[in-house]
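Here is how the chains run, residue by residue.
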Amino acid sequence: MTSIFIFISGAALLIYSAEKLIGYLVGAASGLNVSVFLLAIVFTGIEFDDIFLGVALNLEGLGGVALGIVFGTALSLTGVTLALAAILTPTEVNIPRDYIAIFAVAPLVMIAFTLTAPLGTIDGVVLLGLFVLFIAYVAVREFRSDTPVFRDAEMFDETAEADGGRELTDGGTESFAAEMPFAEARELPGWAGLGLAILALAGLIIGAATTGIGTEGILQAYGLEGTLFGATIATAVLTIEDIFLTVEPVRKGAPEIGVGNVIGSVVFSVTGKLGVILLAGGIVVGANVLTWHLPALIVLTAVAAYFIYTGKLKPWHGYTLLGLYIAYWVISFAVFGTVPVEL
């Protein structure tokens, strides 16, 4: 029972910290006049909580759980998180085509690595290097652009000027910018927002570590199979966090932030996240990964990329992604009798 309490406490801290983090990033981007997408890549796309949880699990000999989380979260980001965003808050999105292309082809890098499994330290270094190149590309592109993508301060201030603000009862006006996502965070100085974002990130890390401790206790107490737990319960917790980081910005009128989180997180999952986990120890990959689970990830990511490319997330996009995700799980259990990773 204690292990369940620890697991729930860690999960609650993860969710709370995730909600606070995105708001502080918006405030920091506004105050420092930098691209919030670049900040999101570092703070949300990198998913420090997943890293610490995955490494902790791998060090404890729970490589199946760690690898299950890598594949599970990558699939759920499009099949659940982006799907719910499209269903609950249909909206227009303006994502550069090169970012969409990188997002679509990112899972393809896993083919070469799964062909040479088991995965080891060298694979981890290479995967981590690929993600560093992705960050460098985004940083150069954003800073060279005249209008960096996802620079919320400019986007919403321009909207405020166009709308002329909103009349108040005392005869004054309130800028539309006050209604932008996490408006209170924008009132803070840029460095203050960045500092609070770091604190929220620390909350994510502590929550992940606590969840890892609870996970180990639950596995030992109830005799659950490691990969199954990692791909279901543990992944569900991390998915709830991603839902907050994606659906909330979309709901509040900044869809690029939410979609940016999905793009950055998927790219990170199949490169940097797995790379760091592998630095903590090698992992054996089952044959079904290459023949079924990885192809499913490639297809689901490609479909999601196309929907983003259309420029507008629609409810039927969400239902399609969710349907494909459910179909994947049904086939995995009914036909293959496995979870995302078979060890």
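Residues numbered from 1 in each chain as written. Predicted model: local features only at pLDDT ≥ 70, side-chain atom pairs only at ≥ 80, totals over all residues. Heavy atoms only, no water.

- Per an unreviewed UniProt entry, the protein chain goes by the name Sodium:proton exchanger and belongs to Halococcus dombrowskii.

Observations concerning helix α7 (residues 121–144)
Step number 1: A rise of 1.5 Å per residue sets the reference length of α7, with its 24 residues, at 34 Å; its end C-alpha atoms lie 35 Å apart and thus fit the reference within 8%.
Step number 2: Buried within α7 we find D123, G124, L127, F131, F134, V138, A139 and E142.
Step number 3: Looking at the packing, one finds that the buried side of α7 touches α2 (36–45), α5 (97–105), α6 (109–115) and α12 (255–279). (Helix = DSSP H or I, 4+ residues; strand = E, 2+ residues; numbered from the N terminus. Expected span 1.5 Å × (residues − 1). Buried < 20%, exposed > 50% of the residue type's maximum accessible area, 1.4 Å probe, protein only. Contact = heavy atoms within 4.5 Å.)

What to know about a nonpolar patch on the surface
Step number 1: Side chains of V105, L108, I111 and L115 sit close together on the surface and give an oily, nonpolar patch of about 340 Å² of accessible area.
Step number 2: Take I111: it is sitting in helix α6. (Patch = residues over 30% accessible without salt bridge, like charges linked within 9 Å, V, L, I, M, F, W, Y side chains within 5 Å. Areas by Shrake-Rupley, 256 points an atom, 1.4 Å probe, with all protein chains shown as cover. Salt bridge = Lys/Arg side-chain N within 4 Å of Asp/Glu carboxyl O.)

Focus on the side chain of D123
Step number 1: Relative to the assigned elements, D123 resides in helix α7.
Step number 2: Here D123 is buried and forms no salt bridge, its nearest opposite-charge partner K273 lying at an N-O distance of 18 Å.
Step number 3: Within polar-contact distance, the side chain of D123 engages the backbone nitrogen of G120 at 2.9 Å. (Lys, Arg positive; Asp, Glu negative; His and termini not counted. Polar contact = N/O pair within 3.5 Å; in protein donor to acceptor, adjacent residues only side chain to side chain.)

Some thoughts on the nonpolar core
Step number 1: Formed by 59 residues in total, the largest nonpolar core has its most connected members in L82, I95, F103, V259, L274 and I308.
Step number 2: Counting 19 residues, the second largest nonpolar core, distinct from the first, contains Y24, A29, V36 and I257. (Core = buried A, V, L, I, M, F, W, Y, C linked by side-chain atoms within 4.5 Å.)

With respect to the packing of aromatic side chains
Step number 1: Per the stated rule, a full pass over the model turns up seven aromatic pairs.
Step number 2: Summarising the aromatic geometry, the rings of F131 and F268 are spaced 4.9 Å apart at their centres and angled 65° between planes, so their arrangement reads as edge-to-face. Here F131, found in helix α7, pairs with F268, found in helix α12; they are 137 residues apart in sequence, far enough to count as distant. Per residue, the accessibility class of F131 equals that of F268, and both read buried.
Step number 3: Plain terms: the ring middles of Y328 and W329 are 6.0 Å apart, the flat faces sit at 75° to each other, and that makes the pair edge-to-face. As far as burial versus exposure is concerned, Y328 and W329 are alike and both buried.
Step number 4: Put simply, the rings of W292, Y325, Y328 and W329 touch in pairs and so form one group of aromatic residues.
Step number 5: For the cation-ring pair, R141 lies above Y99, with the distance from its terminal atom to the ring centre recorded as 4.9 Å. (Phe/Tyr/Trp six-rings, centres within 6.5 Å; stacked < 30°, edge-to-face > 60°. Lys NZ or Arg CZ within 6 Å of the ring centre and 35° of its normal.)

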